[in-house]
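So the chains spell out like this:
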Amino acid sequence: MSDTTNTHPQLTGAEILWATLAGEGTTTVFGYPGGAILPIYDALRKFPTIHHVLVRHEQGASHMADGYARASGRVGVCMATSGPGATNLVTGIATAMLDSIPMVAITGQVSSKVLGSDAFQEVDITGITLPVTKHNFLVTRAEDIAATVRLAFQIATSGRPGPVLIDITKDAQQASAAFDFEAAAPPKARPHPMLGTALTAHSPAIREAVAMISASARPVILAGHGIMQSGAEAEVLAFAERLGIPIASTLLGLGAIPAGHPLSLGMMGMHGESWVNHAIQEADLLLAFGMRFDDRVTGNLAHYAPHAKKIHIEIDPSEISKNVRVDVALVGDLKAVLQTLLPWTGADAQARRPWLDDIETSKGTVAVRDIQNLPDNGHLYAAHVINDIWREAVAAGREKETVIVTDVGQHQMWEAQYFKHEAPRSLVTSGGLGTMGFALPAAIGAKFACPGKDVWVIAGDGGFQMTAAELSTIVQEGLAINIAVINNGFLGMVRQWQEAFYDKNYSASPILSPDFVMLAQAHGIAGAHVSQREYVTETVTKARTSGAAFLINFQVEKEDGVYPMIAPGAALHEMVRRPHQDPLLETAEDA
Amino acid sequence: MLHTFVALVQDKPGVLARVASLFRRLNLNIVSLTVGESERAYISRMTIVCEAPEHAAHRIKASLYKLETTVDVDEVNRAEAVVRELCLLKVAAGPSMPHGAQSRSQIFELANVFRARVVDLAPESIMLEMTGSASKIEGLVQVLTESGYQILETSRTGRMAMRRGHHTSRVVKALGFNAGAGAAQRMRGPDFEEKPSSDEILPNEFDDVHEEEREL
C-alpha cells in the first residue's frame, strides 16, 4: 500500500491487519474463514506478499503456525473465525504456550454492538485463552488494530516467547482508520522487572557461579529449548569445550548441540539413556541452560541429583527454584549470560577427563543393548525404522537438512533416542503439552518455513488419525512432505503403561486404522507399506527423492516398549531396562 | 502462611480477571483482594492476600510480573507496612432488643472503645463503620456477639497495605516521576536493602500500628 500523499492512507481495519502483518515480516498465514472474519479474508487479495494456507480444521492452523515458528524461529501466524473456529485453535495455542513458541493467533469476533449477547458464533475467546496465552487482546476499533498487532509481535518474541491472541470484532474490521505502521510501533519491550540489571563479571551471582564451576569435578550441562530460543548454540559449545563438561539434553533441547559431538550425552529423563541419567545423579554440579526441570526430566524430586549444586540460567524468573531448588540463579538471556560467564572460567578441560571417562565406561556396558546395533531378526521395530531414516539421511548427506516432526507417544521417544539430531531446529515436537495430532499439521508449517529441507512426519497410528484431514492441505499446497506412520495397532504409550502399571488391562488402547496408504492415495498422495526391515531404507529413499508427498505405513511390532523407562515417582537412576525375554534381546544374545 | 502483595496494574477491562486467573492457575486461594485507584492515572492498585507456602512468594511475584498488564509488584509483610481494612456492621438495636432501651448506648460505648463510628441510626438498628487491622475488626464483632447483640449484616473490604516510610516513594519514583532512571533503579539488588532513616519514619498516627494481626 504505497502512500503517495503526505497523509497516511485510510484503510479498513481488515486492510490494516494485513498491512501490519506484512510489515512485521509475515509471509505465510494458516487459517480458515468464517462469518466474523470475512472482511479480513475479503481484503487478503490486496496483499500478494502474504500466502494464506487453507487448513482443514483450525487446530491444524495453530499447529502449523507453531511448526513454522519452531522450524524457523520466526513468529507463526494463524487465523480463525469467531466461536467454533476460535475454540478449535485452543489446543494449538496451549501447545505453543507450554513450549514457549512465538505465535500470533487472530480471531474474528462478532460486532462490538452485540458483544455479550450470545450472538451467532460468539464465544469469549479472550476469556477462554487467558490461561494459555502469554497475553491476549480484544480489539473493537479499527484504529487500534495496527498498534495491537505490533505489540502482539513484540510480546510473542520478547523474553520467554509465547502465543498471543488478538480477537477483532467484525465492525473493527470493516471500519476505516488512518494507517501509519511506524507510529504504531510499541514502546520498547518492558523487561521482566525481576531480571535485574544485566549481569556483569562483578555480579555476585556470576562470581559464585564461576567458583562453583571451578570447584566442580563432575559437572553436567542440562541443555534445554532456551538454547535455541536464545540462539546460544555456539556459546554453549564453547563453554562446554573450554571446561570439558558433558551435555545432557531435554527433549526440546535435542539438536541444540550436535548429537555426534564428543561431549554430547543424549537425552535425559524418563526415557533418557541410562548413562545420561546416571551422570546427572552422580554429578556434583548441574548447569541448567534454558530448561525448566519438568517432571519428565527430573523423576522423583526428592532423589534428584542429590550430590549436585545447581546453577540455573533462565530468562523467566518465575521458573527459578520452581521444581528444583537452585544454588545460583543467573536470570537473563542465555547467550548474554554465557558471554559474560565464559571469560571468567578457566580453560581446564583436561581436569574433567576422569569424569568423562567414567561416563564413557557406563555407556559401554549398556550400549550393548542398544537395539540399533542388533541384526535383523525378521521383526520390524519402530526404533529400527527411525534409526534407518536417520542413517538414510546421513548416507545422502542430508542429516542437517532434515526436519523431523513427531507426534506424541512411543514413536516420539524412539525418535529422540535413535535419530541423532545434528542441527538446531531439526526436531519439531510437542514436549510440554504432549499434543497428539501435532505432527502432520506442524510439518506443514515446518515445510513452509524450510522449503529446501526434507521434512518428515513421524507419527503413530493413533495421533495421525487425529489430524489426518490435513493430508488434503498438503495436496492443495503441493508440499513434498514425507510421512512415516509407525503403525502398531495400539495407542502404544498408553498400552505400555497399561502393561507396566495396570496389569496388561488394555482398556481402549487397541485402535483400528484405515489402510493409510489407500487413505493417502485417496488424497492423491503416493504411499507404500513396509513390514520388513530390509525394505525400510529403500522405501525411505524413494519417499525422500519423490519430489512430492509420500506416506509410508510401517507395520511394526505390536507390543514393543520404550526403554529405558523411569516409572512415575521413581528416582532418575531407578530405570527399567528392556525385559530379558524381549525377542530383540534374545536375538542379541544369539548373535 | 499468608502473603500480601501490592500490585499496580493497568486500569483496563479484564485486568482483574487476569490476576484472579493467575492465582487460580497456581492453585492458590485468595483470602482477600481489594482494587481501587492509585496515585497515578490509568493505574489501579490491588492488595492481594493469599494463602501459600513460604517459598512460593518469589514465584507468585515473578508470575504477577509476567502479566502484561502488571506495572509493579511488591510483597509486603506486616512489620514494614500499614495494613488496614474497612468494615461496615449493622447491629440490631432498639427498644424491642434484649437489652432494650440501653442497647444503643451500650453499642455506642463499645464502638468508642474500638474507635468505630456510628454512621446510621434506625429505630431497630445501628450501623457502625470501622477501619483497622483484621484482628481489631474481629475483636469488635466478637464483643458485640458475646454481649448478645445480633449482627444483621457485615461488609468488609479486605486488606489494603502500604509500606511505611520512604519505601512508598520508591513506587512513585518507579512509576515515572523519574522515568528511565527510576525503572532501572528499581531492578537493582534485593528489595529495600537500605534502611529508612529515622526522620523518614512517620510518627505513629494510629495507636494500633504495632498491634498484632492474627497469624500472618
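Residues numbered from 1 in each chain as written. Chains lettered and ligands numbered in written order. Predicted model: local features only at pLDDT ≥ 70, side-chain atom pairs only at ≥ 80, totals over all residues. Heavy atoms only, no water.

### Brief notes about the overall build of chain B
And step 1. Counting its regular elements, chain B contains 6 helices and 9 strands.
And step 2. Per-residue burial over chain B gives 42% buried out of 216 residues.
And step 3. Put simply, 73% of the contacts in chain B that link residues at least 6 apart link residues at least 24 apart.
And step 4. Carbon together with sulfur atoms contributes 53% to the accessible area of chain B, which is approximately 11700 Å² in total. (Helix = DSSP H or I, 4+ residues; strand = E, 2+ residues; numbered from the N terminus. Buried < 20%, exposed > 50% of the residue type's maximum accessible area, 1.4 Å probe, protein only. Contact = heavy atoms within 4.5 Å. Areas by Shrake-Rupley, 256 points an atom, 1.4 Å probe, with all protein chains shown as cover.)

### Describing helix α15 (residues 382–395) of chain A
Residue and element names in this part refer to chain A.
And step 1. In a regular helix each residue adds 1.5 Å, so 14 residues correspond to 20 Å; α15 covers 20 Å between its end C-alpha atoms and thus fits that length.
And step 2. When you tally the buried positions in α15, you get 11 out of 14 residues, the bulk of the element.
And step 3. Buried within α15 are the following residues: Ala 382, Ala 383, His 384, Val 385, Ile 386, Asn 387, Asp 388, Ile 389, Trp 390, Glu 392 and Ala 393.
And step 4. Within two residues after α15, Gly 397 carries a phi angle of roughly 70 degrees, on the positive side. (Expected span 1.5 Å × (residues − 1).)

### Some remarks on the pattern of salt bridges
Residues and elements named next belong to chain A.
And step 1. Per the counting criterion, the structure on display carries 26 salt bridges over all chains.
And step 2. We note a salt bridge from Glu 235 to Lys 335, for which the minimum N-O separation is 3.6 Å. Of this pair, Glu 235 sits in helix α10 (residues 233–243) while Lys 335 is found in helix α13 (residues 334–341), placing the two residues 100 residues apart along the sequence.
And step 3. Residue classification places Glu 235 among the buried positions, given a relative accessible area of 13%.
And step 4. The residue Glu 392 makes a salt bridge to Arg 544 at a minimum N-O spacing of 2.8 Å. (Salt bridge = Lys/Arg side-chain N within 4 Å of Asp/Glu carboxyl O.)

### Things to note about the interface of chain B and chain A
And step 1. Every contact between the two is made by 20 residues of chain B and, on the other side, 20 residues of chain A.
And step 2. Summed over both partners, the interface of chain B with chain A comes to about 1800 Å²; 59% of that surface belongs to carbon and sulfur atoms.
And step 3. Counting the contacts that link chain B with chain A gives 1 salt bridge.
And step 4. Mapped onto the side of chain B that touches chain A, the elements with two or more residues apiece are α1 (15–25) and α2 (56–66) of chain B.
And step 5. Of the residues in the side of chain B that touches chain A, the class split is 6 nonpolar, 6 polar and 8 charged. (Buried area = accessible area lost by both parts, 1.4 Å probe. Nonpolar A, V, L, I, M, F, W, Y, C, P; charged D, E, K, R; others polar.)

### Let's talk about the sheet that holds strand β5 (residues 103–109) of chain A
All names here are of chain A.
And step 1. Taken together, 6 strands build an open sheet; the order of strands is β3-β2-β4-β5-β7-β6 and the sheet is parallel. The strands lining the two open edges of the sheet, one partner per strand, are β3 (51–54) and β6 (135–139). Strand-to-strand twist across the sheet, computed as the mean angle between neighbouring axes with direction ignored, equals 20 degrees.
And step 2. Direction of pairing for β5 relative to strand β7 (residues 163–169): parallel, over a ladder of 7 bridges. Bridge pairing in β7 links Met 103 to Pro 163.
And step 3. Contacting β2 (28–31), β4 (76–80), β5 and β7, helix α1 (residues 13–23) crosses the sheet at an angle of about 165 degrees to β4. (Pairing = 2+ DSSP bridges. Axes fitted to C-alpha atoms, helices over the stretch in contact; angles between N-to-C directions.)

### A closer look at the packing of aromatic side chains
All names here are of chain A.
And step 1. Within the structure shown, the criterion is met by 8 aromatic pairs over all chains.
And step 2. A centroid spacing of 6.0 Å and a plane angle of 80 degrees characterise the contact between Phe 293 and Tyr 304, whose relative ring orientation is edge-to-face. Of the two residues, Phe 293 is situated in the loop between β12 (285–289) and α12 (295–298) and Tyr 304 in the loop between α12 and β13 (309–314); the sequence distance between them amounts to 11 residues.
And step 3. With a centroid separation of 5.3 Å and 75 degrees between ring planes, the pair formed by Trp 497 and Phe 501 is classed as edge-to-face. A residue pair is termed a helical-turn pair when its members lie 3 or 4 positions apart in one helix, as Trp 497 and Phe 501 do in helix α20 (residues 492–501) at 4 residues.
And step 4. Look at Trp 497 and you get partly exposed, because its relative accessible area is 22%.
And step 5. Classification of Phe 501 as partly exposed rests on a relative accessible area of 35%.
And step 6. An aromatic cluster is defined as three or more aromatic residues linked by ring pairs; in this entry it consists of Phe 30, Tyr 68 and Phe 448.
And step 7. For the cation-ring pair, Arg 150 lies above Phe 181, with the distance from its terminal atom to the ring centre recorded as 3.7 Å.
And step 8. The ring of Phe 490 carries the charged tip of Arg 495 above its face, separated from the ring centre by 5.7 Å. (Phe/Tyr/Trp six-rings, centres within 6.5 Å; stacked < 30°, edge-to-face > 60°. Lys NZ or Arg CZ within 6 Å of the ring centre and 35° of its normal.)

### A closer look at unusual backbone geometry
Residue and element names in this part refer to chain A.
And step 1. Residue Pro 564 is bonded to the preceding Tyr 563 through a cis peptide linkage, with omega at -5 degrees.
And step 2. Take Pro 564: it is sitting in the loop between β20 (550–555) and β21 (565–566).
And step 3. Here Ser 100, not a glycine, exhibits a phi torsion of approximately 55 degrees, which is positive.
And step 4. Structurally, Ser 100 is set in the loop between α4 (84–98) and β5.

### As for the domain arrangement of chain B
All names here are of chain B.
And step 1. Split by domain assignment, chain B resolves into domain 1 (1–76) and domain 2 (87–160).
And step 2. Just the C-alpha atoms count here: the centres of domain 1 and domain 2 sit 32 Å apart.
And step 3. Each partner contributes residues to the interface: domain 1 has 7 residues there, and domain 2 has 4 residues.
And step 4. Of the roughly 390 Å² buried between domain 1 and domain 2 on both sides combined, carbon and sulfur atoms contribute 58%.
And step 5. There are 0 salt bridges connecting domain 1 and domain 2.
And step 6. At the surface where domain 1 touches domain 2, the tally comes to 2 residue pairs in polar contact (both at pLDDT 80 or more). (Domains from an automatic or database assignment. Polar contact = N/O pair within 3.5 Å; in protein donor to acceptor, adjacent residues only side chain to side chain.)

### Describing the packing of α1(A) against helix α6 (residues 145–157) of chain A
Between two packed helices, what matters for the description is the angle formed by their axes and the separation of those axes.
All names here are of chain A.
And step 1. For the pair α1 and α6, interaxial distance at closest approach is 9 Å and the crossing angle is 30 degrees. Between α1 and α6, the angle is such that the two are roughly parallel. Regarding α1 and α6, the two cross each other, and that crossing is right-handed. Contact residues: α1 offers Gly 13, Ile 16, Leu 17, Thr 20 and Leu 21, while α6 offers Ile 145, Ala 146, Val 149, Arg 150 and Phe 153.
And step 2. For the contact of α1 with α6, the class distribution of residues is 7 nonpolar, 2 polar and 1 charged. (Parallel < 35°, antiparallel > 145°, perpendicular 65-115°, else oblique. Left-handed = near helix turned anticlockwise from the far one by under 90°.)

### Considerations on the side chain of Glu470(A)
Residues and elements named next belong to chain A.
And step 1. Take Glu 470: it is sitting in the loop between α18 (461–466) and α19 (471–477).
And step 2. Among the polar contacts listed, one links the side chain of Glu 470 to the backbone nitrogen of His 57, at a separation of 3.2 Å.
And step 3. Other than its neighbours up to four places away in sequence, Glu 470 contacts Val 55, Arg 56, His 57, Gly 60, Met 64, Leu 440, Pro 441 and Ile 444.

### Digging into the nonpolar core
Residues and elements named next belong to chain A.
And step 1. In terms of nonpolar packing, the biggest core is built from 53 residues, with Phe 30, Val 405, Phe 464, Ile 474 and Ile 483 touching the most fellow members.
And step 2. Looking at this core, the element that brings in the most residues is helix α17 (residues 439–449), giving 8 residues.
And step 3. Discounting chain neighbours no more than four positions away, the residues touching Phe 464 are Leu 440, Ala 459, Leu 471, Ile 483, Val 485, Phe 516, Leu 519 and Leu 551.
And step 4. If you look at the next biggest cluster of nonpolar residues, it comprises 38 residues, including Ile 16, Ile 40, Ile 106 and Ala 142. (Core = buried A, V, L, I, M, F, W, Y, C linked by side-chain atoms within 4.5 Å.)

### Structural notes on a nonpolar patch on the surface
And step 1. Together, Phe108(B), Val118(B) and Leu121(B) make up an exposed nonpolar region whose accessible area comes to about 240 Å².
And step 2. Tracing the backbone through its elements, the reader meets Phe108(B) in helix α3 (residues 103–113). (Patch = residues over 30% accessible without salt bridge, like charges linked within 9 Å, V, L, I, M, F, W, Y side chains within 5 Å.)

### Let's talk about the pairing of strand β17 (residues 454–460) of chain A
Residues and elements named next belong to chain A.
And step 1. Along β17, 7 of the 7 residues are buried, which leaves the element largely enclosed by surrounding structure.
And step 2. Side-chain alternation along β17 places Asp 454, Trp 456, Ile 458 and Gly 460 on one buried face and Val 455, Val 457 and Ala 459 on a second face that is also buried.
And step 3. For strand β15 (residues 402–406) and β17, the ladder comprises 5 bridges, and the chain directions are parallel. In the sheet register, Thr 402 faces β17, and the bridge partner there is Asp 454.
And step 4. Two strands pair when backbone bridges link them, and β17 and strand β18 (residues 481–487) are joined in this way by 6 bridges, in the parallel orientation. The partner of Gly 460 across the bridge, within β18, is Ile 486.

### Thoughts on the confidence of the model for chain B
And step 1. Summing up the model confidence of chain B, the mean pLDDT is 79 and the portion of residues at 70 or higher is 75%.
And step 2. Of the regions scoring below 50 in pLDDT, residues 176–216 of chain B engages in 53 contacts with residues more than four places distant in sequence or in other chains. (pLDDT = per-residue confidence, 0-100.)

### Description of the sheet that holds strand β1 (residues 2–10) of chain B
Sheets are built from strands paired through backbone hydrogen bonds, the pairs being either parallel or antiparallel.
Residue and element names in this part refer to chain B.
And step 1. In spatial order, the strands read β2-β3-β1-β4; together these 4 strands make up an open sheet with antiparallel pairing. Single-partner strands in this sheet number two, and they are β2 (29–37) and β4 (70–76). Each strand axis lies, on average, 20 degrees off the axis of its neighbour in the sheet, ignoring direction.
And step 2. Pairing analysis gives 9 bridges linking β1 to strand β3 (residues 43–51), with the strands arranged antiparallel. Directly across from Leu 2, in β3, lies its bridge partner Glu 51.
And step 3. α1 contacts β1, β2 and β3 of the sheet and is inclined by roughly 20 degrees relative to β3.
And step 4. Of the strands in this sheet, β1, β3 and β4 touch α2, which is tilted by about 165 degrees from β4.

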